[in-house]
Amino acid sequence: MGSVRKASAWLGLVEDSDERYYDEEYAEGGETGDSWVTDPRVRVASESAQEVGRRIATVSPDSFRDARAIGELFRDGVPVIVNLTSMEPTDAKRVVDFAAGLTFGLRGSIERIATRVFLLSPADTLVVSGEAAGRTPDGFFNQS
């Protein structure tokens, strides 16, 4: 099993089977400019949060076409929670690849929150871990 495949299995994007990482038909043909319309499933915190500058968006895409909404929010400096649980595995992989490139290009970070749920954080955002207070950061870590 290749390292990309192992990483995908660890992220919960694929099962441990012998599927290819990318679909044979990677490019979707026949797309028009109207396919990039903002989706009503994209939610941003209330208006009062916008005034203070503390907003977090949640996006639950159904296909790769919804990746534009993720990119627009992240480019504006809004942390984005991406829930990929309702997507096909091949499209979910493409969205994760897109999000990884987006965070790299804008010097942000990407974290797995749960199986097929990710947090995209802009460069100026600090994510505080919810670890127990008694645990030391240099202590023993058992991954099993």
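Caption draft 1: Region of the structure containing the pairing of strand β4 (residues 109-114). Bridge count between β4 and strand β5 (residues 117-121): five bridges; the pairing is antiparallel. In the sheet register, Ile110 faces β5, and the bridge partner there is Leu120. Between β4 and β5, which follow one another and run antiparallel, lie two residues, and Arg116 among them has a positive phi close to 65 degrees.

Caption draft 2: Seen up close, the packing of aromatic side chains. Throughout the structure, instances matching the rule amount to one aromatic pair. With a centroid separation of 6.3 Å and 90 degrees between ring planes, the pair formed by Phe64 and Phe98 is classed as edge-to-face. Of this pair, Phe64 sits in the loop between β2 (57-59) and α3 (67-75) while Phe98 is found in helix α4 (residues 89-105), placing the two residues 34 residues apart along the sequence. Given a relative accessible area of 31%, Phe98 falls into the partly exposed group.

Caption draft 3: The arrangement of the pairing of strand β3 (residues 80-83) in detail. Residues of β3 alternate between two faces, with Val80 and Val82 buried on one and Ile81 and Asn83 left unburied on the opposite face. Two strands pair when backbone bridges link them, and β2 and β3 are joined in this way by three bridges, in the parallel orientation. The residue bridging Val59 from the neighbouring strand is Val82, located in β3. Each parallel crossover has a hand, and the one from β2 via α3 to β3 is right-handed. Sheet analysis places β3 next to β5, joined by four bridges and oriented antiparallel. Within the sheet, the bridge partner assigned to Val82 lies in β5 and is Phe118.

Caption draft 4: Just the environment of Leu73, in detail. Note that Leu73 resides in helix α3. Here the alpha-carbon distance between Leu73 and Ile56, two residues 17 residues apart in the chain, equals 9.2 Å.

Caption draft 5: Quick peek at α4. Here α4 spans 24 Å end to end across 17 residues, near enough to the 24 Å set by a 1.5 Å rise per residue. Within the sequence span of α4, burial applies to Asp91, Ala92, Lys93, Arg94, Val95, Val96, Ala99, Leu102 and Thr103. Along its buried surface, α4 packs onto α1 (3-10), α3, β3, β4 and β5. Positioned one or two residues after α4, Arg107 has a phi angle of 60 degrees, which is positive.

Caption draft 6: Molecular detail of the environment of Met87. Within the secondary structure, Met87 is located in the loop between β3 and α4. Each C-alpha atom of the pair Met87 and Phe64 lies 8.8 Å from the other, and the pair is 23 residues apart in sequence. Those residues in contact with Met87, other than ones at most four positions away along the chain, are Pro61, Asp62, Ser63, Phe64, Ala92, Val95 and Arg116.

Caption draft 7: Representation of unusual backbone geometry. Although it is not a glycine, Arg107 adopts a positive phi angle of roughly 60 degrees. As for its position among the elements, Arg107 is in the loop between α4 and β4. Despite not being glycine, Arg116 has its phi angle at roughly 65 degrees, a positive value. Checked against the element boundaries, Arg116 lands in the loop between β4 and β5. Given the relative accessible area of 13%, Arg116 is considered buried.

Reading the values: the criteria
- Residues numbered from 1 in each chain as written.
- Predicted model: local features only at pLDDT ≥ 70, side-chain atom pairs only at ≥ 80, totals over all residues.
- Heavy atoms only, no water.
- Pairing = 2+ DSSP bridges.
- Helix = DSSP H or I, 4+ residues; strand = E, 2+ residues; numbered from the N terminus.
- Phe/Tyr/Trp six-rings, centres within 6.5 Å; stacked < 30°, edge-to-face > 60°.
- Buried < 20%, exposed > 50% of the residue type's maximum accessible area, 1.4 Å probe, protein only.
- Right-handed = clockwise from strand over helix to strand, strands pointing away.
- Expected span 1.5 Å × (residues − 1).
- Contact = heavy atoms within 4.5 Å.

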